[in-house]
Amino acid sequence: MRSDVVTPQFAQDNPFVLPPLESIDRGYAPTTLAYNLIYNQQDGPWLRMFRRAVFDGEVDAAMDEAQSTYDRILRQAQA
């Protein structure tokens, strides 16, 4: 965690950003092909969800579509 980011003023101005910053040292990226397919592919479900939610304003529909794609990718990875 960058200690210069979480100043008292930053915490006051950005309260929703604090939890990820405060727990970043406990996070990890799993080593699996499924992770790469879900998050790193240019046409993967995470980026499609983000684009649809942010640029089209269809947050719930974007999340539902992404979840079903996540589930399919994870099932295939476990097969």
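One can find the structure itself at the top, above this paragraph.
The structure displayed is predicted, hence computed values, not measured ones. (Residues numbered from 1 in each chain as written. Predicted model: local features only at pLDDT ≥ 70, side-chain atom pairs only at ≥ 80, totals over all residues. Heavy atoms only, no water.)

Visitor: Quick one: what's the story with the packing of helix α3 (residues 33–40) against helix α5 (residues 59–78), residue by residue and with numbers?
Guide: Taken N-terminus to C-terminus, the directions of α3 and α5 make an angle of 160°; their axes are 9 Å apart at the nearest point. Here α3 lies roughly antiparallel to α5, going by the angle between them. Pair α3 / α5 crosses with right-handed handedness. Between α3 and α5, the residues in contact are Ala-34, Leu-37, Ile-38 and Tyr-39 and Tyr-70, Ile-73, Leu-74 and Ala-77, respectively. Tallied by class, the residues present in the contact of α3 with α5 amount to 8 nonpolar, no polar and no charged. (Axes fitted to C-alpha atoms, helices over the stretch in contact; angles between N-to-C directions. Helix = DSSP H or I, 4+ residues; strand = E, 2+ residues; numbered from the N terminus. Parallel < 35°, antiparallel > 145°, perpendicular 65-115°, else oblique. Left-handed = near helix turned anticlockwise from the far one by under 90°. Contact = heavy atoms within 4.5 Å. Nonpolar A, V, L, I, M, F, W, Y, C, P; charged D, E, K, R; others polar.)

Visitor: Any details on the nonpolar core? Residues and values, ideally.
Guide: Inside soluble globular proteins, nonpolar side chains tend to come together where they are buried. Ala-34, Ile-38, Met-49, Ala-53, Ala-62, Ala-66, Tyr-70 and Ile-73 together form the largest nonpolar core, which totals 8 residues. Residue assignment for this core shows that the elements contributing at least two residues are α3, α4 (45–55) and α5. The biggest single contributor to this core is α5, with 4 residues. Excluding anything up to four places from it in sequence, Ile-73 contacts Ala-34, Leu-37, Ile-38 and Pro-45. (Core = buried A, V, L, I, M, F, W, Y, C linked by side-chain atoms within 4.5 Å. Buried < 20%, exposed > 50% of the residue type's maximum accessible area, 1.4 Å probe, protein only.)

Visitor: I'd love a proper account of a nonpolar patch on the surface, names of residues and values included.
Guide: On the surface, a nonpolar cluster with roughly 520 Å² of combined accessible area is contributed by Tyr-39, Trp-46, Phe-50, Val-54 and Phe-55. Here the nonpolar patch takes 4 residues from α4, the largest share from any one element. (Patch = residues over 30% accessible without salt bridge, like charges linked within 9 Å, V, L, I, M, F, W, Y side chains within 5 Å. Areas by Shrake-Rupley, 256 points an atom, 1.4 Å probe, with all protein chains shown as cover. Salt bridge = Lys/Arg side-chain N within 4 Å of Asp/Glu carboxyl O.)

Visitor: Pulling in residues and values, what's your account of the pattern of salt bridges?
Guide: Counted according to the given criterion, the structure contains 2 salt bridges. The network of salt bridges with shared partners includes Arg-52, Glu-58 and Glu-65.

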